[in-house]
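Observations on the three-dimensional arrangement
The primary structure of each chain is shown beneath.
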Amino acid sequence: MIKCSNAIVHASKSLRIGFCRYGRGGTVSAASKSNRAGRGKTFACPFCAPDCTRGTNVLYWNKKQPRLYKSEETTMKRAYINGILLDGTQQMEPQAHKVLLCEDGVITAVADEGTDLDGYEVIDLHGGYAMPGLINLHVHLAGNGKPSAKPRDNAALVRKILSNGLTRAVAYRMVCSYAKLELLGGVTTIRTVGGIADFDTRCRDDAQAGKILAPRILAANEGISVPGGHMAGSVAVAAHNNGEALTQLTKVSTQRVDLVKLMITGGVLDAAEKGTPGELKMPPEMVKAVCDQAHAMGYPVAAHTESPEGVKVALENGVDSIEHGAKMDEETVKLYKEHGAFLCTTISPALPYALFDTAVSGASEKDQYNGRIVFDGIVESAKTALANGIPVGLGNDVGCPYITQYDFWRELCYFHKYCGVSNQFALYTATLRNARLAGVGDVTGSLEVGKKADLIVMDAREPHLQPMYDLDIRSTLVWNATGNEVETVIIDGKTIVDGKRVLTVDETAATQEATAICHKYLARQLGAQNQL
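In what follows, the accompanying structure is described. It should be emphasised that the depicted structure is a prediction, and the values quoted were computed from it without experimental measurement.

A tally of regular secondary structure across the chain gives 15 helices and 23 strands. Counting over 532 residues, the chain shows a buried share of 52%. Counting contacts in the chain only where the partners sit at least 6 residues apart, residues at least 24 apart contribute 68% of the total. Carbon together with sulfur atoms contributes 52% to the accessible area of the chain, which is approximately 23700 Å² in total.

Right under this line is the structure:
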């Protein structure tokens, strides 16, 4: 007989089979040199120790962080057939009877059916809708979007997280898991605009090295705010003067960020009184000093701005993208055009405070009032920008209450519903236009020759994705699609998800590593009990 901490099982030469105390049964591989478990020794029941036997969770607790993801070859020539293509261009016209050819992770042709596919691995899309992966331009990887009944001191929480190596490691694993959720929900590129320490660039680099699953990441790391400013002390550093702001800029440059984030105004939740959301916090001279130096170093600058005054200060002093936005007048429109800036619209974060019943949102009267001001400003800003030819991108400010890492699709619906754009324009904005605004339009964003094979396939068999009234899949995707309908995810030519199942987890390596961790833990526990 062999005893587990929760089970009594029978041992044989090849298998151990048994039932744990919770009534769940299972089969565990035989003893080996790697697990050092044998006749008469204890081992971990895989059903009672889920945190150390599921491969995905091993990444959160293994100090050495093994490479548990398979390195899929991208040199193979692949042909995707029997799908309906939505190529990412402005009209997003569905194209049937086409074959998408890829080699070395790059799209080489969009050919007609009947093309000679000799030498290609043929992949049947089973009538699914293949389109470019979504691109989310406004992400905070430090949050999961879970609302809280009580106000949280985010600055105190971040101080606690960064206070020791263990909490830093756990927090980093959480950030990586949130990035993975973006990818599994159909987002293949994200632009982070404020995070904890250097976690965002680390996540980007670990994903590129194949250590974790994550989208293509354009990272800003910590933003620059001011004392009492928006997110100061949590996902932004409070700079007391221009010198401290430039010191932070130098710091993030050593972390190899892709852009710089400024917090120029306040927001909904940090407004002290009714009618004061988006209050100007950062002095114009600080905005100019950071923008001038950032541009000299080759970095674009994004700025949190939620008031007309804040938008003007940002544009006058060199900001490249306005995040959120506010109502515009003719002077603001002119500033956008003179400086070549674009607007990143984020409808999702203010909507719960503006439109939800307070019994649901938990918002105070002040927050609801201010939320409505910001919500109306964001929507009107987008409408004005679109009417005047100012480029508009799309992000959902993920990490804010009610805004999760797995449902960027909702932002497309809001863009159509509240800003009046067509369904195809919403899809185009979330793919190719976002790619171009983020500076990666030559790499990703559309199914065109020479671009990376970053694509997703939507499950056309889902009942609620069946076109009904106007028989147009584009409206169905915008109104009804969620991350749950993403059937396949391919990034850089690598198939990450197929049949809604992650393919790239090396289950053997994960299981072996989990078993080793369990044995070490149980050995320590047994040793402690023997000492007693």
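Next comes the rest of the account.
The full count for this structure, using the stated rule, is six aromatic pairs. Here the basic side chain of lysine 77 rests over the ring of tyrosine 120, its NZ or CZ set 4.6 Å away from the ring centre. In this structure, lysine 274 packs its charged tip against the face of tyrosine 369, placed 4.7 Å from the ring centre.

In this section: the sheet that holds strand E12 (residues 216-218). Backbone-to-backbone hydrogen bonds pair the strands of a sheet. The strands run either parallel or antiparallel. Pairing is parallel in the open sheet, where three strands are placed in the order E10-E11-E12. Of all strands in the sheet, those bounded by a partner on one side alone are strand E10 (134-139) and E12. On average, adjacent strands in this sheet sit at an angle of 20 degrees to one another, irrespective of strand direction. Two strands pair when backbone bridges link them, and strand E11 (residues 187-192) and E12 are joined in this way by three bridges, in the parallel orientation. Within E12, the residue paired with threonine 189 across the bridge is arginine 216. Sitting on the sheet, helix H3 (residues 165-184) is in contact with E10 and E11, with an inclination near 135 degrees to E11.

Let us now look at the environment of alanine 314. Tracing the backbone shows alanine 314 in helix H7 (residues 308-316). Each C-alpha atom, one on alanine 314 and one on methionine 282, is 9.6 Å from the other, the two residues being 32 residues apart in sequence.

Looking at where proline 391 falls in the secondary structure, it is placed in the loop between helix H11 (365-387) and strand E19 (392-394). For proline 391, a relative accessible area of 26% gives the class partly exposed.

Turning our attention to the pattern of salt bridges. Side chains that differ in charge, positive against negative, can pair when their charged atoms come close. By the definition in use, this model includes 23 salt bridges. Arginine 474 is the partner of glutamate 93 in a salt bridge, and the nearest nitrogen-oxygen pair spans 3.7 Å. Here glutamate 93 is found in the loop between strand E5 (78-85) and strand E6 (95-103), whereas its partner arginine 474 is found in helix H14 (residues 473-480), with 381 residues between them in sequence. In this structure glutamate 93 comes out as partly exposed when scored by relative accessible area, which is 44%.

Bringing helix H5 (residues 242-254) into the picture now. The terminal C-alpha atoms of H5, which comprises 13 residues, lie 19 Å apart, in line with the 18 Å expected from a rise of 1.5 Å per residue. The inward-facing, buried residues of H5 abut strand E13 (223-225), strand E14 (236-238), strand E15 (260-263) and helix H6 (284-296). Where H5 begins, the capping side chain belongs to asparagine 241, and its oxygen is found 3.1 Å from the backbone nitrogen of glycine 243. One or two steps after H5, the chain reaches arginine 256, where phi turns positive at roughly 60 degrees.

What follows is about the nonpolar core. Of all hydrophobic cores here, the largest spans 103 residues; its most connected members are Leu262, Val319 and Trp409. Looking at this core element by element, the count peaks at seven residues for H3. Aside from chain neighbours lying at most four places away, what touches tryptophan 409 is Met131, Leu134, Gly185, Leu427, Ile456, Met458, Leu477, Val478, Ala481, Thr482, Gly483 and Val486. If you look at the next biggest cluster of nonpolar residues, it comprises 12 residues, including Cys102, Leu125, Ala453 and Val457.

Another aspect to go through is the pairing of strand E22 (residues 494-498). Two elements, strand E21 (residues 486-491) and E22, share three bridges in a ladder whose sense is antiparallel. If you follow isoleucine 491 over to E22, its bridge partner there is lysine 494. Joining the antiparallel neighbours E21 and E22 is a turn of two residues, in which aspartate 492 adopts a positive phi near 55 degrees. Relative to strand E23 (residues 501-502), E22 is paired through two bridges, and the arrangement is antiparallel. Paired with valine 497 across the strands is valine 502, a residue of E23. Count of turn residues in the E22/E23 antiparallel hairpin: two residues, of which glycine 499 carries a positive phi of about 65 degrees.

Quick look at the packing of helix H12 (residues 409-419) against H14 now. Each packed pair of helices is defined by two parameters, the angle between the axes and the distance between the axes. Contact pair H12 / H14: the axes reach a minimum separation of 7 Å and the direction vectors enclose 110 degrees. One finds that H12 runs roughly perpendicular with respect to H14. Touching Trp409, Leu412, Cys413, His416 and Lys417 of H12 are Leu477, Val478 and Trp479, all from H14. Of the residues belonging to the contact of H12 with H14, the class tally is six nonpolar, one polar and one charged.

With that out of the way, let us pick up the pairing of E10. Most of E10 sits inside the fold, with six of its six residues counted as buried. One ladder, built from four bridges, connects E10 with E11; its direction is parallel. From the neighbouring strand, isoleucine 135 faces E11, where its bridge partner is threonine 189.

What follows covers the side chain of histidine 324. Positionally, histidine 324 belongs in strand E17 (residues 321-324). Given the relative accessible area of 2%, histidine 324 is considered buried. Within the local environment of histidine 324, its side chain forms a polar contact with the side chain of threonine 346, the two groups lying 2.6 Å apart. Beyond its immediate sequence surroundings of up to four residues, histidine 324 is in contact with His138, His304, Thr305, Glu306, Leu343, Cys344, Thr345, Thr346, Ile378 and Asp397.

Turning our eyes to something else, we now look at unusual backbone geometry. In the Ramachandran plot, tyrosine 402 falls in the positive-phi region, its phi being about 75 degrees despite a non-glycine side chain. Note that tyrosine 402 resides in the loop between E19 and H12. One non-glycine residue, lysine 500, adopts positive backbone phi at about 65 degrees. Looking at where lysine 500 falls in the secondary structure, it is placed in the loop between E22 and E23. Judged by its relative accessible area of 38%, lysine 500 is partly exposed.

What counts, and where the lines are drawn
- Residues numbered from 1 in each chain as written.
- Predicted model: local features only at pLDDT ≥ 70, side-chain atom pairs only at ≥ 80, totals over all residues.
- Heavy atoms only, no water.
- Helix = DSSP H or I, 4+ residues; strand = E, 2+ residues; numbered from the N terminus.
- Buried < 20%, exposed > 50% of the residue type's maximum accessible area, 1.4 Å probe, protein only.
- Contact = heavy atoms within 4.5 Å.
- Areas by Shrake-Rupley, 256 points an atom, 1.4 Å probe, with all protein chains shown as cover.
- Phe/Tyr/Trp six-rings, centres within 6.5 Å; stacked < 30°, edge-to-face > 60°.
- Lys NZ or Arg CZ within 6 Å of the ring centre and 35° of its normal.
- Pairing = 2+ DSSP bridges.
- Axes fitted to C-alpha atoms, helices over the stretch in contact; angles between N-to-C directions.
- Salt bridge = Lys/Arg side-chain N within 4 Å of Asp/Glu carboxyl O.
- Expected span 1.5 Å × (residues − 1).
- Polar contact = N/O pair within 3.5 Å; in protein donor to acceptor, adjacent residues only side chain to side chain.
- Core = buried A, V, L, I, M, F, W, Y, C linked by side-chain atoms within 4.5 Å.
- Parallel < 35°, antiparallel > 145°, perpendicular 65-115°, else oblique.
- Nonpolar A, V, L, I, M, F, W, Y, C, P; charged D, E, K, R; others polar.

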